[in-house]
Amino acid sequence: MLRARMRRRLGLAVLLMLSAALRCRSASPPGKPVLIGCRSPEKETFTCWWEPGFNGGLPTRHRLFYEKEGSEEVHECPDYWSAGKNSCFFGKEQTSIWVEYSLTVVAFNALGNTSSDLFKIDDVMKIVKPYTPENVTVLVNDTANTPYLCVSWNHPPKVDTKSGWTTIKYELRVQKEDNKPEIFHPNKKNSFKVYNVDPGATYTVDMRCQLDQSSWSEWSTASVVKIPNYFQNEKPFWILVSIFSVIPLLATICIVVLKRKFVKQWLLPPVPGPKIRGVDVQLLKSGRAEDVINALIGNQNFPPAAAWMDQTEEYLLVSDSNDWLLTDPYISQKKKSLVIPAGVQLEIQCRTSAPAQSDCENAEVGKDGKVEPDHLAQTKESVLNVAAPSVSSGSKEAASGNAAGPTGYVDIQQHKGTQGAGPNAAQWDYSWVKEVNGETIFILKNEDAAAGLDVPGWEENTAADYSRVKEVNGDDVVLLQKHDSADSSCKKKEDRSAEWTNQKAKSRHGSDCGKGACLQIAGNGYVDSVPRFYVE
Amino acid sequence: MQQNIYCSCSRCPFGALVCAVWVGMVCLVFCSRLSGMKAASICGNAQAECHFLSLANLFDRVIQHSARMHGISNDLHSEFELYFLPSKNQVSRVGRNCHTSNILTPNGKENRFPVTDPELTEVIMKLLAAWRDPLWHFHQSVARNHRFNGYGSNKSLEMSDMAHELRKGVQKVVEKMQTLGVISNSVGGLASPEALLAADGSGWRFMKDSDLLYCFRRDSNKIQNYLKILKCRIVPEHGC
């Protein structure tokens, strides 16, 4: 019986020992705790946390010991519970700024203890990290036309900003929808206004703060706001404005389109092209050369000058003989000018019938004996050359042109033609020029001359030779009469002058200059032999 | 030269006008310079007449200056640690012993801090005085041994100068406070605190450069903080 009891007790003891042995193998001294970190939220207190190691299967207890700079005294954590599990809270009395702390956490259990590594805090300033700002509220202020955000907040709890112990600095973050956020640093303690906000957009606003260049706090909870779209409120106004501005615009366009020609003319007036009066542009473009020339110069009634020159050259010498070639070049030139080309009649107004013609004193030189009215213009022009006193060589039988006389009477006589170059050569009478002395031409008496002219008598009367004016036509035209006889002409000189003056006065304004030669009437009633023949 | 000027002046009225203008300009330049110097001399000699700035303004300037000084010392210390102490978390039981440790400074908000204004002012002045020589010698050693790069050498010189300037600025603030009657005149006796430091005046010479930078960084932060506290105590209406 005893053996049975002893066996049972032994078994129990073995069991107990086995169990004890088993338990001893699971239990161990605690693992090494690790100090995670410390934080001071307001620069007055701080808290440290640690991570416990394996507890070794046994209830373990952790204790924190610290040393302050400058003293070897070891202190233990004053508060293990205020900050939660595995933490140590240092109150205001235990907290010293600018002092180095050395911390150690020791884990205790039944089997032993294990201490952590030394954790040094150089300066409590370095572990300062404030809480987030409180009560961050964002309001949209939509007075006036520019909306803005009004952000307001409070300082984090337990932070003393009034005594100057800490200087708090805030940072505000505004993010428009998904854009890059904007950072602001408000100067004021409690409020800030954000102005650059767009109507209709959504904004996210949050804040954080900092104490004395310490680490920044966490961002506060974000506030999301939406700016109302102001354009919608003002839409009807803008619709009205656009309508009222479109109507006049449309009206202007309609007017411009309807009256485009007028507008075009007003804007871009046509520039007149060059025009010559009497000339047709189309003719110039398409016409022949002759038409063009006629068109251009058709109005001018220019006589063909070339014919004149030819005739002038042709009949440079009145006489064939060289004896009458004048040596003086000036006189010869004068002679040239005095030579009346062919077909020219000094008497230019002999338009009328033949009997009148016979009364007229012709001095035709040249081929054409006939005087046609068509060539009157030509004659006039040619006789314009007769500027000098009359030296009508060869034109008269007994012509003694008074070249020297200033009045320059023209001797016009009808001769019986001795040398006729044309068909009517019988009408042409010529006189031989004997000599030319200065401006006086001495003409040989012609025995064949049947005119019965008194040449010597004529010669004597070189100073005063007159032509009888038959009729005066107007201011400029004088009709000369043919002389019947020299004597009669001489004798009747005074009478005639009287007649002439009478005639002149009578017919000053007359215009009938159809008979005889028309010569300009000088002031005293005498006919100026400087004829001026006018084109009619 | 002068004869020429006189000659030209006498010859024509335009020349005389030019002369007058030139003389006037010269006078203006000189007068302005004189007035400038005069202003400087007033402030230099008789401080009581320097009423240009208010106390709050002076405080602001001094605080800004101290903040800048602290920033420079912080930069230098981190650079030093980066280049010369590569191993971080260097464990050393032997704490750094700053030569200013004997100066009793309030380290907490409430404990040991109901310090009066004059005491606080004294502490500031002591600290600033204690750092004048060490900073200067630090700069000399840095420049001589080329331990830092050019950036570091410039910074050390700047730090030394700023400490010197700050000390003068704080002196001005103290004088201003004394004229206003904020603090008693006994504080002014600290104008030459070299006598106080005569006992341990050379303790700083044996400090390592790293310790020196570390200590100064901390002390500059203290100075800045104390000045802020002083300001908020004395002129609290200007933004505290």
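Not measured: the values here are computed from a predicted model. (Residues numbered from 1 in each chain as written. Chains lettered and ligands numbered in written order. Predicted model: local features only at pLDDT ≥ 70, side-chain atom pairs only at ≥ 80, totals over all residues. Heavy atoms only, no water.)

**Comments concerning the confidence of the model for chain A**
All names here are of chain A.
- For chain A, mean pLDDT is 70; residues scoring 70 or higher make up 52% of the total.
- Here residues 326-410 scores under 50 on pLDDT; set against residues more than four positions off or in separate chains, the count is 220 contacts.
- Low confidence marks residues 413-426, where pLDDT is under 50. Its contacts with residues over four positions away, or in another chain, come to 46 contacts. (pLDDT = per-residue confidence, 0-100. Contact = heavy atoms within 4.5 Å.)

**Focus: the interface of chain B and chain A**
- Contact residues are listed per partner, giving 24 residues for chain B and 27 residues for chain A.
- Roughly 2200 Å² of surface becomes buried between chain B and chain A when both sides are summed, with 44% attributable to carbon and sulfur atoms.
- If you sort the residues of chain B by the area they bury against chain A, Asn 107, Lys 109 and Arg 218 of chain B come out on top, with a joint share of 26%.
- At the surface where chain B touches chain A, the tally comes to 2 salt bridges.
- The shortest N-O distance in the salt bridge between Asp 212 of chain A and Lys 228 of chain B comes to 3.2 Å.
- The interface formed by chain B and chain A includes 8 residue pairs in polar contact (both at pLDDT 80 or more).
- Class assignment of the residues belonging to the side of chain B that touches chain A gives a composition of 8 nonpolar, 7 polar and 9 charged. (Buried area = accessible area lost by both parts, 1.4 Å probe. Salt bridge = Lys/Arg side-chain N within 4 Å of Asp/Glu carboxyl O. Polar contact = N/O pair within 3.5 Å; in protein donor to acceptor, adjacent residues only side chain to side chain. Nonpolar A, V, L, I, M, F, W, Y, C, P; charged D, E, K, R; others polar.)

**Things to note about the state of the cysteines**
Residues and elements named next belong to chain B.
- Tallying each qualifying case throughout the model produces 3 disulfides over all chains.
- With a sulfur-sulfur separation of 1.7 Å, Cys 98 is cross-linked through a disulfide to Cys 215. With the S-S dihedral at roughly -90°, the linkage between Cys 98 and Cys 215 falls on the left-handed side. Of this pair, Cys 98 sits in the loop between α3 (55-84) and α4 (117-130) while Cys 215 is found in helix α7 (residues 209-234), placing the two residues 117 residues apart along the sequence. The pair formed by Cys 98 and Cys 215 is uniform in burial state, with each residue classed as buried. (Disulfide = S-S within 2.5 Å. Helix = DSSP H or I, 4+ residues; strand = E, 2+ residues; numbered from the N terminus. Buried < 20%, exposed > 50% of the residue type's maximum accessible area, 1.4 Å probe, protein only.)

**Re the pattern of salt bridges**
Residue and element names in this part refer to chain A.
- Applying the stated criterion across every chain yields a total of 15 salt bridges over all chains.
- With its nearest N and O atoms 2.6 Å apart, the salt bridge here joins Asp 206 to Arg 173. Residue Asp 206 is located in strand β14 (residues 202-211), and its partner Arg 173 is located in strand β11 (residues 168-176); the two are separated by 33 residues in the primary sequence.
- Overall, the relative accessible area of 5% leaves Asp 206 in the buried class.
- Arg 173 sits in the partly exposed class, given a relative accessible area of 25%.

**A closer look at the packing of aromatic side chains**
- Considering all chains together, one arrives at 14 aromatic pairs over all chains under this definition.
- Consider the rings of Tyr 66 of chain A and Phe 90 of chain A, whose centres lie 4.9 Å apart with planes at 75°: the pair is edge-to-face. In this pair, Tyr 66 of chain A sits in strand β3 (residues 61-68) while Phe 90 of chain A sits in strand β5 (residues 87-90), placing the two residues 24 residues apart along the sequence.
- Ring centres of Trp 98 of chain A and Tyr 226 of chain B lie 5.6 Å apart, and the angle between their planes is 80°; on these two criteria the pair is classed as edge-to-face. Pair noted here: Trp 98 of chain A is in the loop between β5 and β6 (101-109) and Tyr 226 of chain B is in helix α7, and the two residues belong to different chains.
- Residue classification places Trp 98 of chain A among the buried positions, given a relative accessible area of 1%.
- The rings of Phe 46, Tyr 66, Phe 90 and Tyr 101 of chain A are connected pair by pair, giving a single aromatic cluster.
- Of note, Arg 173 of chain A hangs over the ring of Trp 219 of chain A, and the distance from its end group to the ring centre comes to 4.0 Å. (Phe/Tyr/Trp six-rings, centres within 6.5 Å; stacked < 30°, edge-to-face > 60°. Lys NZ or Arg CZ within 6 Å of the ring centre and 35° of its normal.)

**Points about the nonpolar core**
- Core analysis: the biggest nonpolar cluster contains 67 residues, and Leu 64 and Leu 103 of chain A together with Val 170 of chain B have the highest contact counts within it.
- When sequence neighbours within four positions are dropped, the list of residues in contact with Val 170 of chain B reads Val 62, Ile 124, Met 125, Leu 128 and Leu 227 of chain B.
- Membership of the second largest hydrophobic core comes to 23 residues, among which are Phe 184, Val 197, Val 205 and Val 225 of chain A. (Core = buried A, V, L, I, M, F, W, Y, C linked by side-chain atoms within 4.5 Å.)

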